[in-house]
Structures are given as C-alpha cells and as structure tokens.
Amino acid sequence: MTSSDDGGYVHDPSAFDGEGRPADNRKASADAEDDSNDDAWLERPVHPEAGDREFGRRGWVLVGMIVLAFIVAPGLILLTPPDMDYWFALLILPLLPATMLALTAVWATTRP
C-alpha cells in the first residue's frame, strides 16, 4: 500500500512553480484577492522608524508596575509583621504584583 492509495496528501514538486505557488493557478478569485492583500507588505515594507513607537502613557504605566513588582512588593514582604501567615507573605504578596506586571506588559506592548 502506498501513500497515494489511502487518499492522504502526496507532495508533487512538479505541481508548484519556482516560487512555491501552485503552477495551475486554479484559485478562486476571492482567494487570489486575499493573497494579493496579504503579500502587499512584502513588496512595500514599512520602515520600523515610520511606526508609532512613542513611550507615552502605556510606557509609564508599565514602569509603575515594574516599580510595584520589584520594589514595593518585596518591601511589603520585609515589613510584614511576623504573625502574618507564611503562605500569604511569601506566595500571595509576590504573585499578585507579578500577575499584574505580566498583564500590564502585554497591554503596553500591543498597539490598537
């Protein structure tokens, strides 16, 4: 039994042109339009300096969260009274600012 007998995919190099596209061009017109729109950035790429890369409000919120996670939270752990539960002081206090920092970092680095 060969792979062509079971109805699975069999790669045929002669079915593709030199650029890796199907040689027979049997695509529907909608698929061809989608491909042309998707490949437009390859022909006219945008220079990185042309993008909107300001530090702005998102950057300052991220800096504030870094200060909270790396300075304020460890300070609270050091200053907590000895009667505080071990689980709360060493697991929950660092976990909450770390989670907030992670969420803020994702928010700050994604552009609308």
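Above this text sits the structure in question.
One structure accompanies this document, and this report is about it. (Residues numbered from 1 in each chain as written. Predicted model: local features only at pLDDT ≥ 70, side-chain atom pairs only at ≥ 80, totals over all residues. Heavy atoms only, no water.)

**Things to note about the overall build of the protein chain**
Phase 1: Along the protein chain, the regular secondary structure elements total four helices and zero strands.
Phase 2: Listing each helix as α and each strand as β along the protein chain from the N terminus yields α-α-α-α.
Phase 3: Looking at the protein chain as a whole, 12% of its 112 residues qualify as buried.
Phase 4: Here the analysis covers contacts within the protein chain between residues at least 6 apart in sequence; of these, 54% occur between residues at least 24 apart.
Phase 5: Here the protein chain has roughly 9500 Å² of accessible surface; of this, 63% comes from carbon and sulfur atoms. (Helix = DSSP H or I, 4+ residues; strand = E, 2+ residues; numbered from the N terminus. Buried < 20%, exposed > 50% of the residue type's maximum accessible area, 1.4 Å probe, protein only. Contact = heavy atoms within 4.5 Å. Areas by Shrake-Rupley, 256 points an atom, 1.4 Å probe, with all protein chains shown as cover.)

**Let's talk about helix 3 (residues 56–79)**
Each turn of an α-helix holds 3.6 residues, which means side chains three or four residues apart point in the same direction.
Phase 1: Taking 1.5 Å per residue, 24 residues should reach 34 Å; helix 3 reaches 33 Å between its end C-alpha atoms and fits that length.
Phase 2: The largest bend in helix 3 comes to about 35°, at Leu68.
Phase 3: If you check which residues of helix 3 are buried, you get Arg58, Gly59, Leu62, Met65, Ala69 and Ala73.
Phase 4: On its buried face, helix 3 sits against helix 4 (86–109). (Expected span 1.5 Å × (residues − 1). Bend = angle between axes of the 7 residues up to and from the residue.)

**As for the side chain of Thr104**
Phase 1: You can see Thr104 is positioned in helix 4.
Phase 2: Residue class for Thr104 comes out buried when judged on its relative accessible area of 12%.
Phase 3: The contact partners of Thr104, leaving out residues within four places of it in the chain, are Val61, Leu62 and Met65.

**As for helix 4**
Phase 1: Relative to the 34 Å expected for 24 residues at 1.5 Å per residue, helix 4 spans 35 Å between its end C-alpha atoms, a close match to the ideal helical length.
Phase 2: For helix 4, the principal kink sits at Ile92 and spans about 30°; a proline, Pro94, occurs within the next four residues.
Phase 3: For helix 4, the set of buried residues is Ala89, Ile92, Leu93, Pro97, Leu101, Thr104 and Ala108.
Phase 4: Buried positions along helix 4 lie against helix 3.

**A look at the packing of aromatic side chains**
Phase 1: The full count for this structure, using the stated rule, is one aromatic pair.
Phase 2: Relative to Trp60, the ring of Phe55 has its centre 5.1 Å away and its plane inclined at 85°; by these criteria the two rings are edge-to-face.
Phase 3: Here Phe55 falls in the partly exposed class, since its relative accessible area comes to 46%.
Phase 4: Residue Trp60 is classed as exposed on the basis of its relative accessible area, which comes to 58%. (Phe/Tyr/Trp six-rings, centres within 6.5 Å; stacked < 30°, edge-to-face > 60°.)

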